[in-house]
Amino acid sequence: MLIRATKSDIEKYMDFAYSLAIDQMRSGYPLFSDGISTKAQFIKHLWSGFEGKDSDILLFVSNEKVDGLIQYFYMEQDRYLQINGFYINGDTERAITEFIEYAREDFAGYSVYFGFPKKNSRAITALQNSGCELVEEAYHDIFILKNFVAQSESTDVVKVAESNFFEFRKTHKTDEYTYWNSDRIYKTLSDWSIYLLYRDGTAEGYICARNGEIFDLGYRDTIFDANTYKALVTAVLNDLKSQGRKHLIFFNEAESQTAALEIGFNCVAEYVLYVKNI
């Protein structure tokens, strides 16, 4: 059974939820077992779900006792709902099934997104059995910037600003599941570090990062190129180092994982994203 959490519930089950959050076999995304996230950040994250205008937290009750919590947020105008906290101790399959039924009642017409580490095999099995569609697989990688020394950048790499955003827009590849499309990025352009790599006057690749995370890296002809990848990531690393940031997060695809490890990323989890249209 799922019931809406109260303030006293959050206080009572905070430590229990954290013990699940740092176990990849019993939690979902965002990840708190990555070696850089702290308990203080988890506490802030959980309270934000309770206090937020467009978010909520549900208690999962199994065999007459609380067996976990599910946190989510939604954007009504986009008909978008995302699980952004899944901390279940035991009956993961039933928790997911009940949440989908809950979403059908309160969020009909929405697309519901579930992100999990592959180690949570029970959750993945439940999502598959519920007819959810796998839309993304990636390696969750982190680059620690503490000992990073800024490197020289290729002269072919150009920073994107408002004046040349149209060049990025022409190169930027998205699909129906991409939230951060070119229009949304443009509206918040000052929050982003975006670079293009040119060859013979043509933009061959792009990268866009925000808040210490690379959200997208792509190529004009969609064919992976290790040299382009490394040049673009280096530009972002230099940028983040100058900002005083401590790390860079990137969800790498299989084709770029070798290059990512060569640069200095470390893999903390394998990530999967499923969607269910309610």
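Residues numbered from 1 in each chain as written. Predicted model: local features only at pLDDT ≥ 70, side-chain atom pairs only at ≥ 80, totals over all residues. Heavy atoms only, no water.

Peer 1: Looking at this structure, how should I read the nonpolar core?
Peer 2: One recurring pattern in soluble globular proteins is that nonpolar side chains are buried together. If you look at the biggest cluster of nonpolar residues, it comprises 27 residues, and the most contacted ones within it are Ile70, Tyr72, Phe86, Ile96, Phe99, Phe114 and Phe116. Sorting the residues of this core by element identifies strand E2 (55-62), strand E3 (65-75), strand E4 (80-88), helix H3 (92-106), strand E5 (111-117), helix H4 (121-129) and strand E12 (266-277) as the ones contributing at least two each. Take this core: its biggest share by element is six residues, from H3. Apart from residues lying up to four places away in sequence, Ile70 is in contact with Leu2, Asp56, Ile57, Leu58, Ile83, Gly85, Phe86, Ile88, Ala95 and Phe99. Grouped together as the second largest cluster of nonpolar side chains are 24 residues, Tyr229, Ala231, Leu240 and Phe250 included. (Core = buried A, V, L, I, M, F, W, Y, C linked by side-chain atoms within 4.5 Å. Buried < 20%, exposed > 50% of the residue type's maximum accessible area, 1.4 Å probe, protein only. Helix = DSSP H or I, 4+ residues; strand = E, 2+ residues; numbered from the N terminus. Contact = heavy atoms within 4.5 Å.)

Peer 1: Could you clarify how one ought to interpret helix H8 (residues 254-263) in this entry?
Peer 2: Helical geometry note: an α-helix holds 3.6 residues per turn, so side chains three or four residues apart project in the same direction. Of the residues making up H8, those classed as buried are Ser256, Gln257, Ala259 and Ala260. Summarising the contacts, the buried residues of H8 are in contact with strand E6 (133-144), helix H7 (226-243), strand E11 (247-252) and E12. Looking one or two residues beyond H8, the residue adopting positive phi is Gly264, at roughly 135°.

Peer 1: What is the right way to look at the layout of surface pockets in this model?
Peer 2: By rolling a water-sized probe across the atoms, one finds the places where empty space is left. Roughly 160 Å³ of internal volume is contained in the second largest pocket. Taken together, Asp78, Arg79, Tyr80, Ser111, Tyr113, Glu176, Tyr177, Thr178, Tyr179, Arg184 and Asn277 make up the lining of the second largest pocket. Of the residues belonging to the lining of the second largest pocket, the class tally is four nonpolar, three polar and four charged. (1 Å grid on protein atoms, 1.4 Å probe; cavity = no way out; pocket = protein on both sides within 12 Å on 5 of 7 lines; lining within 4 Å. Points joined across faces, edges and corners; volume = space filled by probe spheres on them. Nonpolar A, V, L, I, M, F, W, Y, C, P; charged D, E, K, R; others polar.)

Peer 1: I would appreciate a short explanation of the pairing of E12 in the present structure.
Peer 2: Side-chain direction in a regular strand flips from residue to residue, so the side chains alternate between the two faces of the sheet. Pairing between E5 and E12: seven bridges, direction antiparallel. Paired with Pro117 across the strands is Tyr271, a residue of E12. Here E6 runs beside E12; their pairing, made up of nine bridges, is antiparallel. Within E12, the residue paired with Tyr139 across the bridge is Glu270. (Pairing = 2+ DSSP bridges.)

Peer 1: Would you take a moment to explain the pairing of E2 for this structure?
Peer 2: The element E2 is extensively covered by neighbouring structure, given that eight of its eight residues are classed as buried. By the alternation rule, side chains of E2 split into Ser55, Ile57, Leu59 and Val61 and Asp56, Leu58, Phe60 and Ser62, which are all buried. Relative to E3, E2 runs antiparallel, the two sharing eight bridges. Looking at the pairing, Asp56 lines up with Tyr72 of E3.

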